[in-house]
Amino acid sequence: MSGSDINRRDFLKFMGLGGVGAATLSGCDMPTTITLEEGKEKVVAYLAPEEYAIPGIGVTFASTCQQCPSGCGVHGRVREGRVLKLEGNPEALNGKGLCQMGQASLQGHYNPDRITQPMARKGGALMPVSWEDAWLLMKEKASGTAQGRSAWFTGTVSGHQSVLLAALNKAWGSKDHYVYEAINNAVGSAVNEAVLGDATPVYRFDKAKAVLSFGADFLGTWVSPVHFSREYGKFRSGDRGVLIQVEPKMTLTGGNADLWVAARPGTEGAVALGIANVLLSENQVDGKQLPQAALDVISQYSVSKVAEISGVPGDTLVRIAGYLKERSPSLVLSGESAHGHTNGYQNAMAAMMLNVLLGNIGQTIEASNSMVFDELKAKQGNSKAMLDFAAAAGAGEYDVVFFMGANPVYTAPAHLAMADKIAKVPFKVALSMFPDETTMSADLVLPLSSPYEEWATSVSPYQPKDAAISMSQPLMKPLSVETRSLGDILLSMLKYQGVKDYETFEDYYAYLRSALDSLPASVKAGKDSDAFWSAAVQKGFIKAPSKPGSLKVSLGELDQGGYQTNGDYPMNLVPSSNQSMYDGRNANLPWLQEAPDQITKIFWDSWVEVHPKTASKLGIKEGDFIRIESDQGVIETQAYIYKGVHVDTVAIPMGRGHEEYGRYAKGNGVNPLKILSPVVDEKSGELATHATRVRISKVGRSEELPRLGGSEVQVGRRLVSTVSADVFRRTEGA
Amino acid sequence: MFVSNKFLSKRREKGVGQGKVSQSLAMFFLLLASVFVISAAQAEVPNAIPPTVTHSGEDVPQPIEFPHDVHTEENGINCLYCHTYARRSPVAGIPPSSKCMGCHTIIATDKPRIQKLTEYWENNEPILWNKVHDLPDFVHFTHEKHLQRFVFENEGMDVENVSEVCAFCHGDVKKRTVAKKVKPLNMGFCVRCHEANDGPADCWKCHK
């Protein structure tokens, strides 16, 4: 470039100033009318807004999440009359946090598949009707029902809706109220009640130095996961507690554990007994806490015998016992994968025995704060309710059944033939927000408002700190004028039934105001009616007095049943629950369908987890379609090869495979609950959800899994630095 | 230095009333003033270089042909009296019907537009206005910050002249009945003004 005055640096400067700059801005001058056109959108002015309402700026209101039975407090940000975002209520049990199911509950509220008006079955199909016609139909078919020939089938209910429901059942002379939850802790509660005299004691993760959990996914779905996650944080900080998880399929909690142990499904109790054996014989733990009968049973479960029964290596049992002995107090838990067997009760009992042996009762397991208002307490669901209901409905015991907050047609195993049994009930009423399987089989559908459109009170089943009544208030006006809250429908039915106590209330709001007014003066702390109400609504809950609890200890039967094998069906089926689809109720929320599974990273579809050894034996590769066959039926889905599952086990997540339930749920994936075998836990009568035996085979088709990432390794990029356990032990001396 | 029109006119009146300045000096001031008036026509707002690009938007019919000119130009009502949210919120907001009715239960009740407004009010029906100025959802624009910069934290700026700041993006609404888009409001328009007025240049200021 000799002879020219421009050198390289000047040239670049020139390009930077003129060329590039001009090019950038001219691109920015594209007319926005490509996407925006003047006058095509509406802007609605307020009529007469509240003083605090400023368009564009959110105002926060307290309410309560109803997406699972835990009942977390929420703060909803409301802007221009629309609720936009939920967060945890910092003062409530869950604290500032809210799980992804709670976050996604907004999509339930705004769901395009919501039922917006009453529907009645006419000529085989559900047709829209007016509320007048719906009430006429109720009068014709339901009000003359003979005593004892009507029943309610619901999910967990609590608070004042529960009071009204009880009053209504009384007025109708019906005692049958089935409370059903597919994901429950009923076996655990039964053992707690039997041993401690307290069905829901308080678990002090923050005080524990080691946690041994037999399938209790307390970070995912067990009892009160958001609260437990917070407590788990305390457990892991400072003197870092050790978490050991024993389960057939790695849950979210298992993924966080320091030691994850895959025991043969159903042998969790034997593992607990083996650990107790080591503690007593080798770790010099004093057995005087245990009755002689228990010590006799434990002495039969030597390390070698337990290793043979459970498939857990003996040295692992010794190591676990070592942790528990070293780190006191500890906390031993049991959850659904230990409970869902014919010996589920004994499994839970064996876990509780470890707590007694290690002296954890009163240390990390404390008495609950039982609220004095018994009528408001949560009626907790279990699966025995569904089995009992199926038997009663099948025997033609009911003329009228009301369904609310539960979807038994979807969650019931095929052997129960739930749809056929429900069809035998002459008049079925569903109170529902969505056209789920049970709702679509009803004769009359009453549209419910969303939890963010209604007044309600509720009481969390798990109350670790202070007993509290949670408040739900409408965060916005109902999206549809025809929907009604559960409280309003129950009140109307009570009035209709001519129950004197309820005649004076214009609506459920008026009833709630009066009910809160009648709380004892100690609760109201000297406030007048309006001040007390505003404080309750503002805070999101009312602190209620509680009875101080106490724990007794009386250990029950420990003996474990023999482990059953079945040559025809060599594998075990785990219908796993996760903090996403839950029991299937969240399948209509696209955020959760889209959010990858926490462990496998798969979305929008089902999968079956197969251990690499089993996979190589059968020649299965990731994405292959697999046929999973039990004595009750067959399902087909794609394989995900996964080390976090027991060799003889396949795991399929619950919640997908809906036949109804709106555009996002219908037709996606498979439902593992359908092929469950008809077995129950012998002691509690609960459905043994994890006791189904299956055989698997290749279908011969393969497709890529819908999965985020797609690679299990970092391809040498060291995105997350890791060190192998062997190297760590060698270098850190742990 | 920038001097607002209003300030200049007051000063001129005062000077004439005193009648003590010499002819040549008065002539000089007059010339000087006229220079100021001409330049002030483009620069009413101190410490600001207004955007100049224009756009020819469509006429947007509204349910009620709200006369901005009658309210502002003829009756001297400040923009922020009705669009009161602009100084506090990302959006300027349309005033609530209750604000209209605050005056119009008494004033001009014989006018057909007011009768239409009253009808809406009495039926408890909110008015569905047609949106004239809009930005794509991936643009985070806030009225509040712009009003802080050009009005409330702008030394020498009189809030009475806020309409001059509004006019940067909305044009001279004072001369019109219903609003019309007269500025392009695209990225080039925003970025040029940000460059001229030392506004933030980070991508994420607007695209968050």
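Conventions adopted
Residues numbered from 1 in each chain as written. Chains lettered and ligands numbered in written order. Predicted model: local features only at pLDDT ≥ 70, side-chain atom pairs only at ≥ 80, totals over all residues. Helix = DSSP H or I, 4+ residues; strand = E, 2+ residues; numbered from the N terminus. Rg over C-alpha atoms; globule rule 2.2 N^0.38 Å. Buried ≥ 20, exposed ≤ 12 C-beta atoms within 10 Å, placed from the backbone. Contact = placed C-beta atoms within 7 Å. Pairing = 2+ DSSP bridges. Nonpolar A, V, L, I, M, F, W, Y, C, P; charged D, E, K, R; others polar. Axes fitted to C-alpha atoms, helices over the stretch in contact; angles between N-to-C directions. Left-handed = near helix turned anticlockwise from the far one by under 90°. Core = buried A, V, L, I, M, F, W, Y, C linked by C-beta atoms within 7 Å. Domains from an automatic or database assignment. Expected span 1.5 Å × (residues − 1). pLDDT = per-residue confidence, 0-100.

Colleague: Is there a simple way to explain the overall build of chain A in this structure?
Modeller: In terms of helices and strands, chain A carries 25 helices and 28 strands. For 734 residues, the compact-globule formula gives about 27 Å, and the C-alpha radius of gyration of chain A, at 29 Å, lands near that figure. Overall size of chain A, expressed as C-alpha extent along the three principal axes, is 110 × 80 × 60 Å. Relative to its 734 residues, chain A shows a buried fraction of 50%. Intrachain contacts of chain A at a sequence separation of at least 6 include 75% that bridge at least 24 residues.

Colleague: So what exactly am I meant to see when it comes to the pairing of strand β10 (residues 210–214) of chain A here?
Modeller: Within a regular beta strand, the side chains point alternately toward one face of the sheet and then the other, so they alternate between its two faces. Residue and element names in this part refer to chain A. Counting buried positions along β10 gives 5 out of 5 residues, so the element sits mostly inside the fold. The two faces of β10 match: A210, L212 and F214 on one face and V211 and S213 on the other face are all buried. Sheet analysis places β10 next to strand β11 (residues 242–246), joined by 5 bridges and oriented parallel. Across the sheet, the residue bridging to V211 is L243, located in β11. For β10 and strand β13 (residues 330–334), the ladder comprises 5 bridges, and the chain directions are parallel. Paired with V211 across the two strands is L331, which belongs to β13.

Colleague: What should I look at first to understand the interface of chain A and chain B in this one?
Modeller: By a widely used convention, the size of an interface equals the accessible area lost when the partners come together. Listed per partner, the contact involves 23 residues of chain A and 32 residues of chain B. Contributing elements (two or more residues each) for the side of chain A that touches chain B: α1 (8–28) and β1 (42–44) of chain A. For the side of chain A that touches chain B, the residue count by class is 15 nonpolar, 4 polar and 4 charged. Direction of pairing for β1(A) relative to strand β1 (residues 128–130) of chain B: antiparallel, over a ladder of 3 bridges. Note on β1(B): the bridge partner recorded for K42(A) is N130(B).

Colleague: Explanation requested: the packing of helix α8 (residues 268–281) of chain A against helix α11 (residues 314–326) of chain A in the structure shown.
Modeller: When two helices pack together, their arrangement is given by the angle between the helix axes and by the axis-to-axis distance. Residue and element names in this part refer to chain A. Across the interface, α8 lies against α11 with an axial gap of 9 Å and an inter-helix angle of 65 degrees. The way α8 lies across α11 gives a crossing that is right-handed. Mapping the contact onto sequence places G274, I275, V278 and L279 in α8 and L317, V318, I320, A321, L324 and K325 in α11. Its residues placed into classes, the contact of α8 with α11 shows 8 nonpolar, 1 polar and 1 charged.

Colleague: So what exactly am I meant to see when it comes to helix α14 (residues 384–394) of chain A here?
Modeller: Structurally, the α-helix is built with 3.6 residues per turn, so residues lying three or four positions apart point the same way. Residues and elements named next belong to chain A. Listing the buried residues of α14 in full gives K384, A385, M386, L387, F389, A390 and A393. Structurally, α14 contributes buried residues whose contacts are with β7 (150–154), β8 (177–179), α5 (186–196), β16 (400–404), α15 (408–411) and α16 (418–423). Once α14 finishes, G396 follows within two positions and takes phi at roughly 70 degrees, a positive value.

Colleague: Sorry if this is basic, but what is going on with the pairing of strand β20 (residues 468–472) of chain A here?
Modeller: Residues and elements named next belong to chain A. Most of β20 sits inside the fold, with 5 of its 5 residues counted as buried. Where strand β19 (residues 456–458) meets β20, 3 bridges bridge the pair, whose relative direction is antiparallel. Looking at the pairing, A456 lines up with S472 of β20. One ladder, built from 3 bridges, connects β20 with strand β21 (residues 541–543); its direction is antiparallel. For A468, the partnering residue across the bridge sits in β21 and is K543.

Colleague: Honestly, the sheet that holds strand β12 (residues 259–261) of chain A in this entry has me stumped. Any pointers?
Modeller: Sheet strands pair by backbone hydrogen bonding; their relative direction is either parallel or antiparallel. All names here are of chain A. If you walk across this open sheet you meet the 4 strands as β12-β11-β10-β13, and the pairing is parallel. Each edge of the sheet is formed by a strand with only one pairing partner; in this case those strands are β12 and β13. The average undirected angle you get between the axes of adjacent strands in this sheet is 10 degrees.

Colleague: Looking at this structure, I do not really get the nonpolar core. What am I missing?
Modeller: One broad rule of soluble globular proteins: the nonpolar side chains tend to lie buried together. Residues and elements named next belong to chain A. Core analysis: the largest hydrophobic core is formed by 129 residues, its most contacted members being F153, V401, V429, L431, L490, V608 and V650. Composition of this core by domain shows at least three residues from each of domain 2 (119–179 + 373–462 + 475–524) and domain 4 (571–702). Ranked by size, the runner-up nonpolar core spans 71 residues in total, among them F214, I298, Y323 and L358.

Colleague: Just to check I follow, could you spell out the sheet that holds strand β2 (residues 59–64) of chain A for this structure?
Modeller: Residues and elements named next belong to chain A. Across the sheet, which stays open at both edges, the 3 strands sit in the order β2-β3-β4 with antiparallel pairing between neighbours. In this open sheet, the two strands that pair with only one neighbour each are β2 and β4 (82–88). Each strand axis lies, on average, 35 degrees off the axis of its neighbour in the sheet, ignoring direction. Pairing of strand β3 (residues 73–79) with β4 involves 6 bridges; the strand directions are antiparallel. Bridging across to β4, R77 finds its partner in K85. In this fold helix α2 (residues 100–109) packs onto β3 and β4, with an angle of close to 160 degrees to the strand it touches most, β4.

Colleague: Help me out: how do you make sense of the environment of A208(A) in this one?
Modeller: Residues and elements named next belong to chain A. Assignment of secondary structure puts A208 in the loop between β9 (202–203) and β10. Linking A208 and L592, residues 384 residues apart in sequence, is a C-alpha distance of 33 Å. Beyond its immediate sequence surroundings of up to four residues, A208 is in contact with F235, G241, P329, S330, L331 and T364.

Colleague: For this particular structure, what's the right way to read the environment of V70(B)?
Modeller: Residue and element names in this part refer to chain B. Positionally, V70 belongs in helix α3 (residues 68–74). For V70, a count of 14 C-beta atoms within 10 Å translates into the label partly exposed. Residues V70 and L128, 58 residues apart in the sequence, show an inter-C-alpha distance of 21 Å.

Colleague: How should α11(A) be read in this particular structure?
Modeller: An ideal rise of 1.5 Å per residue puts 18 Å on 13 residues; α11(A) measures up with 18 Å between its terminal C-alpha atoms. Against β10, β11, β12, α8, α10 (303–310) and β13 of chain A lie the buried residues of α11(A).

Colleague: I would appreciate a short explanation of the confidence of the model for chain A in the present structure.
Modeller: Looking at chain A, pLDDT values average 90 and 95% of them are 70 or higher. Counting contacts from residues 18–23 of chain A, a segment whose pLDDT is below 50, to residues more than four positions away or on other chains yields 2 contacts.

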